[in-house]
Amino acid sequence: MKIKAFLATAGAAALLASGALAQQTGPDDDNLVVNGEIDIVTDAPAPEHLEYVRTIYSGWRFRSDETQALQMDDFDNPAFIFVDQARDVWNAEIGTNGESCAACHEEPESMRGLRAELPHWNEEKGEVYTAEMYINDCRTERMGLEPWGWDSGDMKNMTALIASVSRGLPINVATDGPVKEAWEKGKEIYYTRFGQLELACANCHEDNYGRMIRADHLSQGQTNGFPVYRLKQAGLVSKHNRFRGCIRDTRAETFSVGSPEFVALELYVASRGNGLMVEGPAVRN
Amino acid sequence: MKRALLSTIAAGLVAAPALAQEIAPTQVAWEEEVAIPTPLTDAAPDVENGKVLMNKGAGNCIACHQVTDLSDLAFHGDIGPSLDGVGARWSEAELRGILADAKRMFPGTMMPSFYRTEGFVRVGEAYTGKAKEGEVTPLLTAQEIEDLVSYLKTLKYQ
C-alpha cells in the first residue's frame, strides 16, 4: 500500500510536468457557413443526459483548414457528385411497375427534417428505424425491388441526398419512450472497453477529444456530418462503417453493419449530438 | 524437431546456457500488486529493439506518449504523459509492471495491458475485426517487454 501511495504522487507530478509540454489543441474557433447561406452551429451546450461533457462540437471543428474549406461550398465538396447521382435515381422510374421515389415523395426536399430526428421509433414496425431501413422498405414493399446493401454505393448516395436537404436543422433524436431500451443498449456499447486494447468509444471521444492519438486529432465522434466523404477513402462512409472501423482498431471482434447493436449505438451516439446541426454529407480526412 | 536439434548443436558449440526461460502472463509474480521484480525472460534485453518497438508493432507507444529522445519520428500522441525521465521516476520493477498491466498501477487507465491474456471483451484477431480463434497471445512477448523496459530505463532526464 505504501508503494502505491508514493507511486500515485510520483505519477501525478509526472502528469503535471508533461502537461506543460503537450500541445493542448482542442476544437478550433472557425465558423461554418455552407454556400454562403446555410449557417451551421458547430458547438452547443451538451444535452442533459451527458454527464461528463459540457459542450458538444461537430467533428468539422477538429479538421484542418483545408479539409474544412471543402465542406463550405457544394461545388468543392466531393460528396455532391454522389448527391447528384442520388437525385437521378430518385427521379428514375425504377420500380417493377415504373414507380419512382419522386412519384410518392415529390422533390427530395420533402424529406427536410427527417435526417435530424433519425434514428426514431417506427410505430408500424415496432422497431428503431434508420434512413437505410426506410429506404429499403420502399424498395421492397412499394417498388418490388431488391433491398440495397447497407453499405452499397446506391444506399450511401441516397442517405447523403436525404441528409443534404436537412442541413442546418438541429439534431433532435428521442432518447426515451419506445426507443428507451435501444438507447440504453447503445449507451452500454459506448462505454464498453472492447478488444485486446480495451478501448471504449468514450476513451477516445469523451475523455480525450482534442488530443492527438498518433497523427489523428480526436474529435467527439459525432455523427451529424454523416454520411461523410472521407478523403483517405475517396468515397462516402456510413455511420456503421465508421463504428466498425473504430471497434476494429481496438483489436476487437466488431458488430456488423446494419446489426441491431449498431442501430442502437447509432441512436445513442446521435443523441449525444442533440443540439448540433445536420451537416451531411460532410468532408473528413 | 530439426530446430531443436540445431539449437542444441549451437548451444553445444558456444557452450551457451539452455534456451531462455520465460514467465507466462498468467504466472507473473506481482509485488504490491503493481510491480514485477523478476525479468520475464532470462535472455538479455535488446535496448535498440526496445527503441524500435516504441514506434512499431503492437507497442506503438508514441501513439499516446511524447518522447524527446525519439523526436526524429513524426506524430507523437498526447493521450498519456511524456515519457521523458520515466527511467528516473520509476524503478525497473515498476516499469515492467506498468508495461505488463498498467491498469494495476493506474486503475481505469486507457493504456493497454501488454502482457495480459485474460479478461477481454470480444477479442478480435489482430486488426481484422474478426473473432479471435484459439488462445489469446499477449500484445508483446516477454522478450519485447524486457527490451522496452531496458529502453525506458535510459530515459533519465526531463
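As shown above, the structure is provided for reference.
Keep in mind that this is a model prediction, so the values were computed, not measured. (Residues numbered from 1 in each chain as written. Chains lettered and ligands numbered in written order. Predicted model: local features only at pLDDT ≥ 70, side-chain atom pairs only at ≥ 80, totals over all residues. Heavy atoms only, no water.)

### A closer look at the overall build of chain A
Secondary structure assignment for chain A yields eleven helices and eleven strands. Oriented by its inertia axes, the alpha-carbon framework of chain A measures out at about 80 × 40 × 30 Å. Within chain A, the proportion of its 285 residues that are buried is 52%. Across chain A, contacts joining residues at least 24 apart in sequence account for 68% of those joining residues at least 6 apart. (Helix = DSSP H or I, 4+ residues; strand = E, 2+ residues; numbered from the N terminus. Buried < 20%, exposed > 50% of the residue type's maximum accessible area, 1.4 Å probe, protein only. Contact = heavy atoms within 4.5 Å.)

### Notes on the sheet that holds strand 11 (residues 283–284) of chain A
All names here are of chain A. Strand order in the open sheet made by the three strands is 10-9-11, with mixed pairing throughout. The open sheet is flanked by strand 10 (235–237) and strand 11, the only strands paired with a single partner. Bridge count for strand 9 (residues 228–230) against strand 10 is three bridges, and the pairing is antiparallel. In the strand pairing of strand 10, R230 is matched with G235. (Pairing = 2+ DSSP bridges.)

### What to know about the environment of T154 of chain B
All names here are of chain B. Note that T154 resides in the segment after helix 5 (142–152). Relative accessible area serves as the criterion here: at 45%, T154 is assigned to the partly exposed category. As a C-alpha pair, T154 and M110 span 44 residues in sequence and 24 Å in three-dimensional space. Polar side-chain contacts of T154 include one of 2.5 Å to the backbone oxygen of Y151. (Polar contact = N/O pair within 3.5 Å; in protein donor to acceptor, adjacent residues only side chain to side chain.)

### Considerations on unusual backbone geometry
Look at the link from F226 of chain A to P227 of chain A: it is a cis peptide, with omega at -5°. With respect to the helices and strands, the residue P227 of chain A is situated in the loop between strand 8 (216–217) and strand 9. Following G280 of chain A, the chain continues to P281 of chain A via a peptide bond in cis, the omega torsion being -5°. For N35 of chain A, which is not glycine, the phi dihedral falls at a positive 55°. Note that N35 of chain A resides in the loop between strand 1 (32–34) and strand 2 (38–40). Among the residues examined, N35 of chain A registers a relative accessible area of 29% and is labelled partly exposed. In this structure, N60 of chain B is a non-glycine residue whose phi angle is positive, near 45°. Mapped onto the fold, N60 of chain B is located in the loop between helix 2 (47–53) and helix 3 (86–89).

### Concerning the packing of aromatic side chains
Residue and element names in this part refer to chain A. For the structure shown, the criterion picks out twelve aromatic pairs over all chains. Both rings, one in Y190 and one in Y268, keep their centres 5.4 Å apart while their planes meet at 65°; by these two values the pair is edge-to-face. Placement of the pair is Y190 in helix 8 (residues 180–190) and Y268 in helix 11 (residues 260–271), with a sequence separation of 78 residues. A residue is classified by how much of its surface remains accessible, and Y190, at 2% relative accessible area, is buried. Look at F255 and F262: their rings are 5.7 Å apart centre to centre, the planes differ by 75°, and that puts the pair in the edge-to-face class. Among the residues examined, F255 registers a relative accessible area of 9% and is labelled buried. Accessibility expressed as a relative area gives 0% for F262, which makes it buried. An aromatic cluster of at least three residues, connected via ring pairs, comprises W183, Y190, Y191 and Y268. (Phe/Tyr/Trp six-rings, centres within 6.5 Å; stacked < 30°, edge-to-face > 60°.)

### Overview of helix 6 (residues 131–142) of chain A
Because each turn of an α-helix spans 3.6 residues, side chains separated by three or four positions in sequence point in the same direction. Residues and elements named next belong to chain A. Taking 1.5 Å of rise per residue, the twelve residues of helix 6 would be expected to cover 16 Å, and the 16 Å separating its terminal C-alpha atoms lies within 8% of that figure. Among all positions in helix 6, only A131, E132, M133, I135, N136, D137 and R139 are buried. Along its buried surface, helix 6 packs onto strand 6 (127–129), helix 7 (153–164) and helix 11. One or two residues past the end of helix 6 sits G144, with phi positive at roughly 70°. (Expected span 1.5 Å × (residues − 1).)

### Observations regarding the interface of chain A and chain B
The accessible area lost on association of the parts is a frequent measure of interface size. On the side of chain B, 47 residues touch chain A, which itself brings 37 residues to the contact. Broken down residue by residue, the surface that chain A buries against chain B is led by Q196, R214 and R251 of chain A, which jointly contribute 23%. At the boundary of chain A and chain B, one finds three salt bridges. Notably, a salt bridge pairs K103 of chain B with E198 of chain A, separated by 2.8 Å at the nearest N-O pair. Joining chain A to chain B, the criterion identifies 16 residue pairs in polar contact (both at pLDDT 80 or more). Counting only elements with at least two residues in the side of chain A that touches chain B, the list comes to helix 1 (2–21), helix 9 (201–205) and strand 7 (212–213) of chain A. When residues of the side of chain A that touches chain B are assigned to their parent elements, the largest contribution, ten residues, is made by helix 1 of chain A. (Buried area = accessible area lost by both parts, 1.4 Å probe. Salt bridge = Lys/Arg side-chain N within 4 Å of Asp/Glu carboxyl O.)

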